[in-house]
Amino acid sequence: MITVENLTKEYGSVTALDDVSLIAEPGEELIVMGPSGSGKTTLVNLIAGLDRPTRGRILMGDSVVTDLDNDGLARYRREHVGIVFQQFHLIDYLTALENVMLAQYFHSMPEKADALQSLEMVGLKDRAGHLPSELSGGEQQRVAIARAITNDPELILADEPTGNLDEENEHMVMEIFHTLKEAGKTVITVTHNRALTDRCDQLIRLKHGRRVTEDRNQMERMAAG
Amino acid sequence: MLKKIIIRSLRSRAGLYIPMIIAISVTLWLIGAAVIIGDSFQAVVDKQMAKYGANVILKSPSKDAAREGVPIEVRQTERDGESVRLALTSIAALLDQNPAWLVRGDGTFLVGQKVASRLSLEQGDQITIDGKTGRAALLKSGTQFDEYIFTNGRVDNPSLGLIRSESPGQYRGSNAVILSEMVKSRYAVLQSVGRLMLIIAILSSIASIATVINLARVDAGRRQQEFGIFKSLGSTGGRIGRIIGSEYLVLSGVAILIGVSGSLGLSWGILHFVSGTGIEWNIGNALYITTITLIAFGSAGITYYTASKRHMVVEELRGV
């Protein structure tokens, strides 16, 4: 379970995220929506441990992620989190397979068979030997997803994963996330696409860094616990 | 996996790394050649001095002293109407006492290069002086003897003499030429070349290190983004340090290989064509060259590494 408590991020005089809280259970899919500059990406970056908040806490189970030092955050990312970026962020000189194995390398030991299995899950086993430049945008995003899930993390964070994709690829990517959720993973997705909210368990709306609508179930859970 | 990352990364950055290696290699050529020439010059001088001891040429009027060594009697004569200085001596003993002299060919006459040039004489030419006919060997001594023609003959009244002395300094200022200084004069030009190259090499080292760092900065955005991706996948700073370190170690190895072989070739060429001697190489040269290379590439690597440590992952992903 991931718990976000009163998270605030300020860049100088600009408040990118203002006192945001949420709880995400295993097997839940959260969608974070909001206009540009509303703090969606900041929220995901903070949960991913890619940045540090100005105030507030993030907990993974009982451990306080925000108290970790840089090495601790690196360990948190490699053991608990899979991140999917809008710009894919694949290493351009490594093949699809090697990009997936890279995540395994930083986690523990690269296993080609496991990496191929991850690519198979996203329907790209036959493209394993291709460089990112030889893949379409949708295929690159699916490689990024394979890389994010190959170490079997509890939490999948996706920042606008379908932002650069056509409708067909968008549908394919969201199906993958749904499958991951069904497999008991916590999936937090940032998106502009309202159509993607149909099947989500929680919808987090942000505006000017603040959470503007509350999920009833979550409010109840927070009040109870 | 580390090996694969490094090989692929190096290959993908060939356009950046090749100019880096060229900049460093050229510097290494200059530094290496300057150091090798300097060392070789000193080694040749030391070797010759160790072999022959410090010799002294004594000139008239120290005739008594002259008789102690290889006596030389100089007199004026003519050749085809030109006035020349003919020196009677034992040529073999003379050459033995002057190991630094360059002699080309065998002949009855040993003709100093200046007088040979004046009389248009070539090695092996047949000449007649004082009714004596023979072939000319050419002498390049770098001393006043380049103005002389030597021939074997009995010396009744020596005007010059070559002697060995443990303390040649005592003859300085008394019509004496100290052989160690004479040997050095032959290599003086090399010493100047070496010094000049060292100055250029030092300036070039600074320029090369700056070039490497600047070229590294050209790639800094892409590199930082790459490190950001590594970190987002859970890599620690130490692991990134290992990747950079290994990559730059490979680059240094290539630059050292090209640099050392280039500097050996360059210094051999200069020494061969200027002084006709071989090169002297020692471990100190290798360490010097290796240090310069490691500083250059190490600086670039450290630039990346410290920048990577300074930023949060999210900033690196933006390619700060």
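Residues numbered from 1 in each chain as written. Chains lettered and ligands numbered in written order. Predicted model: local features only at pLDDT ≥ 70, side-chain atom pairs only at ≥ 80, totals over all residues.

A.B. asks: Could you give an account of the overall build of chain A, naming the residues involved and the relevant values?
C.D. replies: Helix and strand counts for chain A stand at seven helices and ten strands. Across the 225 residues in chain A, those meeting the buried criterion constitute 52%. By sequence separation, contacts in chain A at least 24 residues apart represent 67% of the contacts at least 6 residues apart. (Helix = DSSP H or I, 4+ residues; strand = E, 2+ residues; numbered from the N terminus. Buried ≥ 20, exposed ≤ 12 C-beta atoms within 10 Å, placed from the backbone. Contact = placed C-beta atoms within 7 Å.)

A.B. asks: Describe the environment of L157 of chain A, with residues and values.
C.D. replies: Residues and elements named next belong to chain A. Mapping L157 onto the fold places it in strand β7 (residues 155–159). The exposure class of L157 is buried, given the 29 C-beta atoms found within 10 Å. Between the C-alpha atom of L157 and that of L30, which follows or precedes it by 127 residues, the distance is 9.6 Å. Once residues lying within four places of it in the same chain are set aside, the contact partners of L157 are V44, I47, A48, V81, I83 and I188.

A.B. asks: Lay out helix α2 (residues 70–80) of chain A in plain terms, naming residues and giving numbers.
C.D. replies: Three or more residues of α2 of chain A are buried, namely L73, A74, R77, R78 and H80 of chain A. On its buried side, α2 of chain A packs onto β4 (55–60), β6 (81–84), α3 (96–107) and β7 of chain A together with α7 (220–232) of chain B.

A.B. asks: Let's hear about the pairing of β4 of chain A: which residues, and what values?
C.D. replies: Residue and element names in this part refer to chain A. Examined bridge by bridge, strand β1 (residues 2–11) and β4 share five bridges and lie antiparallel to one another. Note on β4: the bridge partner recorded for V4 is I58. Note that β4 and strand β5 (residues 63–64) share two bridges and pair antiparallel. Residue pairing in the sheet places L59 in a bridge with V64 of β5. If you look at the hairpin formed by β4 and β5, you'll find two residues sitting between the two strands, and G61 has a positive phi there, around 65°. (Pairing = 2+ DSSP bridges.)

A.B. asks: How would you summarise α7 of chain B if you had to cite specific residues and measurements?
C.D. replies: End to end, α7 of chain B covers 18 Å across 13 residues, agreeing with the expected 18 Å (1.5 Å per residue, within 8%). Residue G234 of chain B follows α7 of chain B closely and has a positive phi angle near 105°. (Expected span 1.5 Å × (residues − 1).)

A.B. asks: How would you explain the interface of chain B and chain A if you had to name every residue and give the values?
C.D. replies: The partner chain A presents 24 residues to the 21 residues of chain B that form the contact. Split by residue class, the side of chain B that touches chain A holds eight nonpolar, seven polar and six charged. (Nonpolar A, V, L, I, M, F, W, Y, C, P; charged D, E, K, R; others polar.)

A.B. asks: How would you summarise the nonpolar core if you had to cite specific residues and measurements?
C.D. replies: In this structure, V32, I47 and L157 of chain A are the most contacted members of the largest nonpolar core, which totals 112 residues. When residues in this core are grouped by element, the largest group, 14 residues, is from helix α2 (residues 14–52) of chain B. Residues A87, L94, A136 and A176 of chain B belong to the second largest nonpolar core, which totals 31 residues. (Core = buried A, V, L, I, M, F, W, Y, C linked by C-beta atoms within 7 Å.)

A.B. asks: Run through unusual backbone geometry, naming residues and quoting values.
C.D. replies: In the Ramachandran plot, D19 of chain A falls in the positive-phi region, its phi being about 55° despite a non-glycine side chain. Relative to the assigned elements, D19 of chain A resides in strand β2 (residues 14–24).

A.B. asks: So, the sheet that holds β1 of chain A: which residues are in play, and what are the values?
C.D. replies: All names here are of chain A. Spatially, β2-β1-β4-β5 is the arrangement adopted by the four strands of the open sheet, whose pairing is antiparallel. The open sheet is flanked by β2 and β5, the only strands paired with a single partner. Across the sheet, helix α1 (residues 40–47) touches β1, β2 and β4, and the angle it forms with β1 is around 120°. (Axes fitted to C-alpha atoms, helices over the stretch in contact; angles between N-to-C directions.)

A.B. asks: How would you explain the packing of α3 of chain A against helix α4 (residues 112–121) of chain A if you had to name every residue and give the values?
C.D. replies: Residues and elements named next belong to chain A. Closest axis-to-axis distance for the α3/α4 pair is 9 Å, and the angle between their directions is 115°. Once α3 is placed against α4, the crossing between them reads as right-handed. Between α3 and α4, the residues in contact are A96, L97, V100, M101 and Q104 and K112, D114, A115, L116, S118 and L119, respectively. Across the contact of α3 with α4, the residue classes break down as seven nonpolar, two polar and two charged. (Left-handed = near helix turned anticlockwise from the far one by under 90°.)

A.B. asks: So what about the pairing of strand β3 (residues 82–89) of chain B? Which residues, and what values?
C.D. replies: Each regular strand displays side chains that alternate between the two surfaces of the sheet. Residues and elements named next belong to chain B. Summarising the sheet, strand β2 (residues 70–79) and β3 pair through seven bridges and their orientation is antiparallel. Bridge assignment links T77 to a residue of β3, and that residue is V84. Hairpin connection from β2 to β3: two residues lie between these consecutive antiparallel strands, with D80 at a positive phi of about 50°. Relative to strand β8 (residues 148–152), β3 runs parallel, the two being bridged by five bridges. Residue pairing across strands places L86 opposite I149, the latter belonging to β8.

A.B. asks: Lay out the packing of α3 of chain A against helix α5 (residues 137–149) of chain A in plain terms, naming residues and giving numbers.
C.D. replies: Residues and elements named next belong to chain A. Packing of α3 against α5 leaves a shortest axis separation of 8 Å and a crossing angle of 30°. Viewed along their axes, α3 and α5 adopt a mutual orientation that is roughly parallel. With respect to the hand of their crossing, α3 and α5 are arranged in right-handed fashion. In this structure, α3 contributes A96, N99, V100 and A103 to the contact, and α5 contributes V143, A146 and R147. Tallied by class, the residues present in the contact of α3 with α5 amount to five nonpolar, one polar and one charged. (Parallel < 35°, antiparallel > 145°, perpendicular 65-115°, else oblique.)

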